[in-house]
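# Structure assessment
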Amino acid sequence: MSAPILVAEGITRRFGQLAAVADVSFAVAERTVTSLIGPNGAGKSTIFNLLTGYVPLTGGRIAFRGTRIDGLATHRIARLGVARAFQIARPFRGLSVRDNVKVGALYGRDGPRDVAAATERGLRLAGLEAVAERPAAELTIGQLRRMEVARAIAARPDLLLADEPLAGLNPTESDEVLASLRGLVGEGMTVLLVEHDMPAVMKVSDRVLVLDAGRLIADGRPEDVTRDPRVIEAYLGAEAP
Amino acid sequence: MSARALMSVALGAAAVGGLAWLGTVLSPFHLRVGLSIFLSAGMAIGWYILGGFARYYSFGHTVFVGVGAFAAALTLQTWRFDGWVLQVATGVGAAMAASAVLAAVIALPILRLRGHYFTIAMLAVALVCAEAASAFPVFRGSIGLTLPDVAPPSVRPERFFYWMSLGAVTLAVAVAALIARARLGYGLFAIREDEDAAQMLGVPTTRCKVLAFLASGTITGLMGALYALNLGYITTDSVFRGALSLDMIVNSLVGGMGSLFGPLVGAVVMTLLTKVMLGDFLEYHLAITGLIVVAIVFLAPDGLLGLAEKAWRRVRGGNAGGGADPR
Ligand SMILES: Nc1ncnc2c1ncn2[C@@H]1O[C@H](COP(=O)(O)OP(=O)(O)OP(=O)(O)O)[C@@H](O)[C@H]1O
Ligand SMILES: [Mg+2]
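## Some thoughts on the interface of chain A and chain B
Contacts between chain A and chain B engage 25 residues on the former and 21 residues on the latter. Both faces considered, chain A and chain B share a buried interface measuring about 2200 Å² in area, 66% of it formed by carbon and sulfur atoms. The largest per-residue losses of area from chain A upon contact with chain B belong to His75(A), Phe92(A) and Tyr107(A), which jointly make up 30% of the total buried on that side. The tally of links from chain A across to chain B stands at 1 salt bridge. Applying the counting criterion to the chain A and chain B interface returns 9 residue pairs in polar contact (both at pLDDT 80 or more). Elements represented by at least two residues in the side of chain A that touches chain B include exactly α2 (74-80) and α3 (97-107) of chain A. Among the elements that take part in the side of chain A that touches chain B, α3(A) stands out by supplying 6 residues, more than any other.

## A closer look at the coordination of the magnesium ion (ligand 2)
Between any two of four tetrahedral donors, the ideal angle at the metal is 109.5 degrees; between two of six octahedral donors, it is 90 or 180 degrees. At the metal site, the magnesium ion (ligand 2) is ligated by Ser45(A) (OG) and Gln87(A) (OE1), and these contacts range over 2.0 to 2.1 Å. Remark: Gln87(A) occurs in the loop between β6 (82-85) and α3 and Ser45(A) occurs in helix α1 (residues 44-51); sequence separation between them is 42 residues.

## Details of the packing of helix α3 (residues 62-78) of chain B against helix α5 (residues 116-135) of chain B
Residue and element names in this part refer to chain B. Between α3 and α5, the least distance of the axes is 9 Å, while the angle of their chain directions is 25°. One way to sum up the angle between α3 and α5 is to call them roughly parallel. Handedness of the α3/α5 crossing: left-handed. Listed contacts from α5 to Thr-62, Val-63, Phe-64 and Phe-70 of α3 are Met-122, Val-125, Ala-126, Cys-129 and Ala-133. Tallied by class, the residues present in the contact of α3 with α5 amount to 8 nonpolar, 1 polar and no charged.

## Thoughts on the site of ligand 1
Residue and element names in this part refer to chain A. Residues in close proximity to ligand 1 total 13 residues, the closest being Gly-41, Lys-44, Ser-45, Thr-46 and Gln-87. Here an oxygen atom of ligand 1 sits 2.9 Å away from a polar atom, N or O, in the side chain of Gln-87. Starting from 640 Å² of accessible surface for ligand 1 in isolation, the protein chains cover 61%. Contributions of two or more residues to the shell around ligand 1 are made by β2 (18-29) and α1. At 3 residues, the largest contribution of residues to the shell around ligand 1 is made by α1. When its residues are assigned to classes, the shell around ligand 1 shows 4 nonpolar, 7 polar and 2 charged.

Rules behind the numbers
- Residues numbered from 1 in each chain as written.
- Chains lettered and ligands numbered in written order.
- Predicted model: local features only at pLDDT ≥ 70, side-chain atom pairs only at ≥ 80, totals over all residues.
- Heavy atoms only, no water.
- Contact = heavy atoms within 4.5 Å.
- Buried area = accessible area lost by both parts, 1.4 Å probe.
- Salt bridge = Lys/Arg side-chain N within 4 Å of Asp/Glu carboxyl O.
- Polar contact = N/O pair within 3.5 Å; in protein donor to acceptor, adjacent residues only side chain to side chain.
- Helix = DSSP H or I, 4+ residues; strand = E, 2+ residues; numbered from the N terminus.
- Donors = N, O, S within 2.8 Å, 3.2 Å for Na, K, Ca; no water.
- Axes fitted to C-alpha atoms, helices over the stretch in contact; angles between N-to-C directions.
- Parallel < 35°, antiparallel > 145°, perpendicular 65-115°, else oblique.
- Left-handed = near helix turned anticlockwise from the far one by under 90°.
- Nonpolar A, V, L, I, M, F, W, Y, C, P; charged D, E, K, R; others polar.
- Near = heavy atom within 4 Å.
- Areas by Shrake-Rupley, 256 points an atom, 1.4 Å probe, with all protein chains shown as cover.

These results come straight from atomic positions and should not be treated as a statement about function.
So this is what it looks like as C-alpha cells:
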C-alpha cells in the first residue's frame, strides 16, 4: 500500500456534553476508496466538518500529505487539494449548473488553470450536461446531489470527501457515480466516502471505517468489517426500537 | 474573447458613441439631465460591485463620494495647474487614491463582518467621516471648499461635464463587467449565494470581498470628484449625504439586482422621475424615493428588469418561473 494521504490522530469534537467525535484515529491510503460508515448520528458528517476546517477540533490533529491542516481556514484546506461534496446539497441557487461547477474549478487545487476543461469534465462525469444551462434552483434532489459531486470533481482534488453522494439516486445513476469515482481513483485521486448504501460500500471500498456514537469501532477490509460482531451489534442496536 | 463578449463590447461602444454624439446636440438643460443620470449611474455601478455581486449592502457608500470630493477639492486648492487635462487628472487621481486608501484601511476590520453587520458598520463609517470633515479645520467641511472651474473656455461647462461623466460611467461599467467575467466575479457570486459553501470550495472569501470593496470605493470616489467639480463648491453636508447612499441602493433595486443593467436602468428611471418630472417637489425627494422602494419591494421584487423579463417570458408563451435569482 502507498503512503497515507490523510492522517487523523485522536480527533475529538464536543458539542457541550455530547462527544460527537471521540478520539478517532485513522489513516487514508493514497489512490483508494475508504468508506466511513455508521448509524445515523454516529459523527460521520462531523468528521468531514473537522477535516475541511468548517468546525474546529476540540482535540487531536490532522495531517494532509504530512502537513498539519487543523487550524487552517477552510479555503486554504480546499486549495491544498481537499474537496467536499455535501450531504445536504448546498447549491449556489442563483447560478446555472455550469457556473456552480465552474466555481469549483476556478478555486480548486489547480486554481484558474484549464477551467473550461475541468468544468466540462465535472458535468460529464456527473451526467449533468443536459441541464448545464439551467439555474441550480430548478434541479431535482438527485440532480443537486450529482452537482455536489461535479463541483467537487471540477476542483481536481487529491482527496475527495463525498458525503452520501448516492442518496436519492436510482440504481443506474448510483452505478454511474460509483464508476466515475472508481475512474478518478484510477487517475490518482483518493476518496473518503460516507454512504448508507451497504452493497455499494462493499463493492467500491478498499477499506471501511466504522463509527458508532463518535467512536471508531472497526477498521479493515470490507469483508472483515461486516463479520465483526461489534459492527453487527452497532447496526442492530441502532435499528432496534 | 467569445463572440458574445465581442458583441457586448461592440454594442456598448456604439451606445457610448451615440451618447457622446448626443452631447454635441442636446440643450444645456438636457445636458444637465444627462450629467445627473451619468453621475448617479456611475455611483450605483460602484456600489453594485460589492452590493450587487456579493449582496454586501453598504448603507454608507456616500463616504466615498465625500472623500473623493474633498480629496479633489483640497489637492486642487493646494496645487494650481493650468489646463483642464492636468486639473481633472489631479482632482480625479487624488479622489481615487484617497478612496482606495480609505477602502483599504477599513476593509479588513469591516469585511470580516457578515451581511447586516457590514451594512450597519458602513453607516457608522460614513457618519464618522462626515463628522471628521466638519470637525477638523484642515478639511474646512463646515465652511465649504471652492473648486476651480476646470472646463476649458471653448466648451460649455454642462457639455464638458456631460462628456467627463459619460467617460467615467463607461470606465465604471467596463471595470464591473470585467470583474463579473473574471474569477473574482465568480467568487463574489458564490459568496452572495452561500458564503460558507463558497469558502469550503476554496473561495478566499475575505480577499474577494476586500478586492471588490477596493474597486467599489475607488469608482465611487471617482464619481465623487466629478460631482464636486461640477458643483464647484462643496460642504460636508452636500457630499456626505445619506440620500446619496440611499440613491445608490434604490437605483439598483429599482432596476433589478440580476445584472449590471439593473443599476443603469434604475439610475435613468429614478433620475428622470425624481429630478425631472417631480423636479418642483425636490423637498419631497426622500418621501417619493421611500414610496418607490415600498412599491418595488411589493410589486417587483426583481426590479424593473425582472418585471420585463417575466412579461417577455409570458409573451413568448413560456412559463414565467420568476427570475433565475430568487436571492
Ligand atoms: N453543530 C452542531 N452542534 C451540536 N450538535 C451537533 C452539531 N453537528 C452535529 N451535532 C451532533 O453530533 C452528532 C453527530 O452528527 P453527524 O451529523 O456527524 O452524524 P452523521 O453520522 O453524519 O449522521 P447521518 O448519517 O444522519 O448523516 C449528532 O448527535 C448531531 O446532533
Ligand atoms: Mg451525515
